[in-house]
Amino acid sequence: MLTSKEKEQIIRSSGADVTKCMRCGKCSGACPSYDEMEYHPHQFVYFVEKDQIEKLLNSPSIYKCLGCSVCSERCPRDVGPSKIVEAVLAMAVRRQDENHLKAENIPGMVEDDTPGQLLVSAFRKYKK
Amino acid sequence: MTFSYYPGCTLKTKAKELDAYARRSAEALGITLAELPDWQCCGGVYNNTKDEIATKLSSVRALISAKEQGNKLVTLCSACHNVIKRTKNEIETNDDMAFRVSNYMQCDARKDSDTEVVHFFELLRDTVGFDELKKKVVNPLTGRKIAAYYGCLLLRPGKVLQFDNPENPKIMEDFIRALGATPVIYPMRNECCGGYIAIESSEAARKNSAAIYESAEGFGADCMITACPLCRYNLIKAESTVPVVYFTELLAEALGVK
Ligand code: SF4
Ligand code: SF4
């Protein structure tokens, strides 16, 4: 079966080796955003391996990852699910006009005590 | 002893206390923190993707600038520390990154940015030493039960950060002991506060943060310490029943320079 260019890009951009996954589910068991996500870290790994990238690209799950790296830290096979999640997120927001967070929406989201760190972090994740 | 110092944007605005108490404490400990000239924001989070280079260049500039001064680079905010240290590691371990950064910056990235990055906690542990710190304490925080909140960014990825054991760290507890207080060890101390998700899903962030302070409270903490402005913000927004302060505030108090 031919590998899609999307899968190639995810593998290249994440640097993760999805073939090492043994589907133990430890990553998802540790994920603090599990309840928020439609697809969980081990499914990101699985769907990339099976070349079903569109499913992930179109899922709100990509915006629910906290970037905490727990899934990768606790993965016994050093697969790095968080790298996969981020590579899919990056692919989604890099598409033209697909920024998930827009500057014009920011004023409605900030309060007096909102730290700059929160704004720059969200921009870095959700916007190209 | 002089170190270059990278404060980061939030320490200049919403987290001024984190910065101010660190400077005063460093002075009391005989350490000079020389703020880098013209530092730029680290961007708050490290982008895991290997083909994302431009947004990591502010960290490269900080590394190069400290190296030019002949200093190690001290960080204070957990996020800045994570981003700068991971950027340095990426240059060291990824040929493509080293090549592109060298081209862009017109430098030899591996050589010019191989600056040692030291978090303020590591400075206290490895340069000052917790035994020495203990001797310098004039107001021991005797009887206070303090919960160290590590969060994510100081610990993970463990292989790159090499801050402490990512699953069972002790550096912050050793720090608390050096100040004369009693550390409270609780299960959620290295879990995530919700991070930047708070921008569009404050409910989700609050759920994460609530689990953390409830855990600390359940184990008897009367105060929590952090090195991260976003952790502190998320905990406070989740209406933490345990007060959350920057670790440098306790340090300054114990050293009598608050
Ligand atoms: S990095 Fe994202 S996917 Fe991985 S455990 Fe954290 S929140 Fe879940
Ligand atoms: S923890 Fe690692 S090996 Fe286990 S399911 Fe997740 S990615 Fe696969």
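Residues numbered from 1 in each chain as written. Chains lettered and ligands numbered in written order. Predicted model: local features only at pLDDT ≥ 70, side-chain atom pairs only at ≥ 80, totals over all residues. Heavy atoms only, no water.

Things to note about the overall build of chain B
Phase 1: Of the regular secondary structure elements, chain B holds 12 helices and 8 strands.
Phase 2: The globule rule puts the C-alpha radius of gyration for 258 residues at 18 Å, and the 18 Å found for chain B is close to it.
Phase 3: Of all 258 residues assigned to chain B, the portion counted as buried reaches 63%.
Phase 4: Taking all contacts inside chain B whose residues are at least 6 apart in sequence as the whole, residues at least 24 apart take part in 74%.
Phase 5: Surface exposure of chain B reaches about 9,900 Å², of which carbon and sulfur atoms provide 48%.
Phase 6: Put simply, chain B has 32 plus and 33 minus side-chain charges, and the middle of one group is 2 Å from the middle of the other. (Helix = DSSP H or I, 4+ residues; strand = E, 2+ residues; numbered from the N terminus. Rg over C-alpha atoms; globule rule 2.2 N^0.38 Å. Buried < 20%, exposed > 50% of the residue type's maximum accessible area, 1.4 Å probe, protein only. Contact = heavy atoms within 4.5 Å. Areas by Shrake-Rupley, 256 points an atom, 1.4 Å probe, with all protein chains shown as cover. Lys, Arg positive; Asp, Glu negative; His and termini not counted. Charge placed at Lys NZ, Arg CZ, Asp CG, Glu CD.)

A few points about helix 6 (residues 81-94) of chain A
Because an α-helix completes one turn every 3.6 residues, residues spaced three or four positions apart along the sequence face the same direction.
Residues and elements named next belong to chain A.
Phase 1: In this model, helix 6 (14 residues) spans 20 Å end to end at C-alpha, consistent with the 20 Å of a helix rising 1.5 Å per residue.
Phase 2: Across the 14 residues that make up helix 6, a large majority, 12, are buried.
Phase 3: For helix 6, the elements touching its buried residues are helix 1 (5-14), helix 2 (26-30), helix 3 (41-49), helix 4 (53-57), helix 5 (70-74) and helix 7 (116-126). (Expected span 1.5 Å × (residues − 1).)

A closer look at the site of ligand 2
Phase 1: Taken together, 13 residues lie near ligand 2, and Cys21(A), Cys24(A), Gly25(A), Cys27(A) and Cys75(A) sit nearest.
Phase 2: Grouping the constituent residues of the shell around ligand 2 by class yields 8 nonpolar, 2 polar and 3 charged. (Near = heavy atom within 4 Å. Nonpolar A, V, L, I, M, F, W, Y, C, P; charged D, E, K, R; others polar.)

Description of the interface of chain A and chain B
Phase 1: On the chain B side, the residues contacting the 43 residues of chain A number 44 residues.
Phase 2: At the boundary of chain A with chain B, total buried surface from both sides reaches about 3,800 Å², with 52% on carbon and sulfur atoms.
Phase 3: When the buried area of chain A at its contact with chain B is split by residue, Leu66(A), Gln117(A) and Arg124(A) rank highest and sum to 20% of it.
Phase 4: Linking chain A with chain B are 10 salt bridges, by the criterion used here.
Phase 5: Notably, a salt bridge pairs Lys207(B) with Asp35(A), separated by 3.9 Å at the nearest N-O pair.
Phase 6: Put simply, the parts of the chain that give the side of chain A that touches chain B at least two residues each are helix 1, helix 5, helix 6 and helix 7 of chain A.
Phase 7: If one sorts the elements of the side of chain A that touches chain B by residue count, helix 7 of chain A sits on top with 10 residues. (Buried area = accessible area lost by both parts, 1.4 Å probe. Salt bridge = Lys/Arg side-chain N within 4 Å of Asp/Glu carboxyl O.)

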